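Each chain, letter by letter, is given below.
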Amino acid sequence: MNFEDFDDIEDIGDIEIEIEDFDDEIQKSPSSSRKKKSGRDPKPVRPGRLYVTGIVTGILLTATVLLFFDIMNWHPFSTTPAADGIYDLSKIVETYIDKHYWKSDTSDEQFANMSAKGMVAALGDPYSVFMTQEELTRTRERNNGDYAGIGAAIGVDTTTNRKYVTRVDSGSPSEKCGLMVGDEILMIDDLNAQEKTLDELVSHIRGTTGVSHVFKVFRAGTVASGSAVSGTTVSGAGNEMTAGETLTLTIVTDNIINKSVYHQMLKDNIGYLQILNYDRETPKQFRTAVEDLKKDGMKALILDVRNNGGGVLTSVTDVLNQLLPAGTLLTETRKNEKDQIYKSTDDEHLDLPMTVLINGYSASAAEVFAGALQDRKKVPLIGETSYGKGVVQSIFPLSGNRGGIKLTTGEYLLPSGRSINGTGLTPDEEVVFTGTAEDYGTNNDNQLIRALELMQEQIK
């Protein structure tokens, strides 16, 4: 099954681009101060009347000039040949739509948004997109780590467009209402999940607290036979096999603090820490997890960034700063700009044996994380070659709540100077995952078991 649910390294910062409207400003020359021949002073004109007269005259003159420009097919405010071409082609397309399209249910805003999306898509860069205001808001929420939603993650099988629950957060509205990992989403309210994109479904759910959504899901009749790797052995005995069933669940949205870090102590005091993504809450959650494991006597640490699609650049550098001594973490190269080097400070670091689990869905910030540990401390990587996304996106919000533009603005290089864009990270020990999605983190997780064996060897 081919799931695609990647985030990007995004550097929002305070970047702001203003889109200006180039209006004509036609001003009347000051009237002559000459007196009438009668020698009497002219009757004074009240300021309010003069102001209104000026506005009306300006509007009429502006409309006349713009109409003339349109008739003459002259666009003096287009600043580039590309803008001229866009204007001309848009007018032609609009004419055909108005004349021939059988419906009239598309708003001007929709036309404008899709035109902007098309312009950015013409770059041929899969990571550069125009975002509507709704999409921009959702991206900010995801990067900030808190949002109004149901506390679950949804993945899509790109071969069938079927949607599945890939994570249910502890204590979330989803968990309380009985949603489970592996459930196939059939309907959300009146939306057919297979007919909608993943973004459309998520946008429908997120945004406002206290909203009820009716989920129709199909739950298969099999359950995972493993349990968390904790030193106890769990066999398949006792697991009940039941027929699949269709369920209807009503889930009410609430304010969700995204939980991106999970941890537990495995046998022989080997810590296991999973990072699902890198948002602005991740460094704090990571520090708490490491402190908990240290209090329990951790002797080694397994870091799991499998299926981690990335996140915010400053988040991953903050996490690395907690693990590594002083030195380079990452070099970011941008067009016409001096390289920016991110460094760890040595304020804190972890001096324990470590290993990192990666797979083909470890992307972007997750690759920065694993690659920096591999370069700096020779931390062995176990699993499968990572995705290979070594470029950085910046988000430029537009004024007037008109959305934003996410553009690829640079490439990152690991501490050794190597680029992984298009190639990915090669594991030091390749272990092909043999389980199912439900087996991650259980006794059936052969990659985790190999990592556990390696850490046991190092602490002997």
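About the thresholds
Residues numbered from 1 in each chain as written. Predicted model: local features only at pLDDT ≥ 70, side-chain atom pairs only at ≥ 80, totals over all residues. Heavy atoms only, no water. Core = buried A, V, L, I, M, F, W, Y, C linked by side-chain atoms within 4.5 Å. Buried < 20%, exposed > 50% of the residue type's maximum accessible area, 1.4 Å probe, protein only. Helix = DSSP H or I, 4+ residues; strand = E, 2+ residues; numbered from the N terminus. Contact = heavy atoms within 4.5 Å. Phe/Tyr/Trp six-rings, centres within 6.5 Å; stacked < 30°, edge-to-face > 60°. Lys NZ or Arg CZ within 6 Å of the ring centre and 35° of its normal. Salt bridge = Lys/Arg side-chain N within 4 Å of Asp/Glu carboxyl O. Polar contact = N/O pair within 3.5 Å; in protein donor to acceptor, adjacent residues only side chain to side chain. Pairing = 2+ DSSP bridges. pLDDT = per-residue confidence, 0-100.

(A) Layout of the nonpolar core. If you look at the biggest cluster of nonpolar residues, it comprises 39 residues, and the most contacted ones within it are Leu273, Leu303 and Phe369. Sorting the residues of this core by element identifies strand S12 (270-275), helix H7 (282-295), strand S13 (300-304), helix H8 (313-321), strand S14 (327-334), strand S16 (354-358) and helix H9 (365-377) as the ones contributing at least two each. Top contributing element to this core by residue count: H9, with 7 residues. Apart from residues lying up to four places away in sequence, leucine 273 is in contact with Val261, Tyr262, His263, Phe286, Ala289, Val290, Leu293, Leu301, Ile302, Leu303 and Asp304. In terms of nonpolar packing, the next biggest core, distinct from the first, is built from 20 residues, Ile185, Leu191, Ala193 and Leu198 among them.

(B) Quick peek at the packing of aromatic side chains. For the structure on display, the rule yields 2 aromatic pairs. Between phenylalanine 433 and tyrosine 440 the ring centres are 4.3 Å apart and the planes differ by 0°, which places this aromatic pair in the stacked class. For phenylalanine 433, a relative accessible area of 15% corresponds to the buried category. Looking at tyrosine 440, the relative accessible area reads 27%, which means it is partly exposed. One residue, arginine 206, lies across the ring of tyrosine 147, its end atom 3.7 Å from the ring centre. Across the ring face of tyrosine 262, the terminal group of lysine 259 is positioned such that the distance to the ring centre comes to 4.9 Å.

(C) Structural view of the environment of glycine 297. Mapped onto the elements of the fold, glycine 297 is located in the loop between H7 and S13. Spatially, the C-alpha atom of glycine 297 lies 9.1 Å from that of methionine 265, the residues being 32 residues apart in sequence. If sequence neighbours within four positions are ignored, glycine 297 has contacts with Met265 and Asn269.

(D) Main features of the pattern of salt bridges. Under the counting rule described, the total for this entry stands at 14 salt bridges. Across the salt bridge formed by lysine 284 and glutamate 281, the nearest N and O atoms sit 3.3 Å from each other. Looking at glutamate 281, the relative accessible area reads 16%, which means it is buried. The closest approach of N and O atoms between arginine 450 and glutamate 457, which form a salt bridge, is 3.7 Å. The network of salt bridges with shared partners includes Glu429, Arg450, Glu453 and Glu457.

(E) Representation of the side chain of serine 174 in the model. Tracing the sequence through the fold places serine 174 in helix H5 (residues 173-176). Of note is the side chain of serine 174, whose polar atom sits 2.7 Å from the backbone oxygen of isoleucine 150. Apart from residues lying up to four places away in sequence, serine 174 is in contact with Ile150, Gly151, Ala152, Val168, Leu179 and Ile251.

(F) Local environment of the pairing of strand S6 (residues 184-188). Examined bridge by bridge, strand S5 (residues 162-168) and S6 share 2 bridges and lie antiparallel to one another. Residue pairing for S6: lysine 163 is matched across the bridge by isoleucine 185. Pairing geometry for S6 and strand S7 (residues 191-192), over 2 bridges, is antiparallel. Of the residues in S7, the one forming a bridge with methionine 187 is asparagine 192. Connecting S6 to the next strand, S7, in antiparallel fashion are 2 residues, including aspartate 189 with a positive phi near 55°.

(G) Focus on the sheet that holds strand S17 (residues 381-383). An order of S11-S12-S13-S16-S17-S20 is seen for the 6 strands of this open sheet, with the pairing classed as mixed. Bordering the open sheet on either side are strand S11 (261-266) and strand S20 (429-430), each of which pairs with just one other strand. In this sheet, S20 lies alongside S17 in parallel orientation, the contact comprising 2 bridges. By the bridge assignment for S20, isoleucine 382 is matched with glutamate 429.

(H) A look at the confidence of the model for the protein chain. Mean pLDDT over the protein chain: 81, with 78% of residues reaching 70 or higher. A low-confidence stretch, residues 1-52 stays under pLDDT 50, and its non-local contacts, those more than four residues away or across chains, total 90 contacts. Long-range and interchain partners of residues 223-241, a stretch whose pLDDT sits below 50, account for 36 contacts in this model, where long-range means more than four residues apart.

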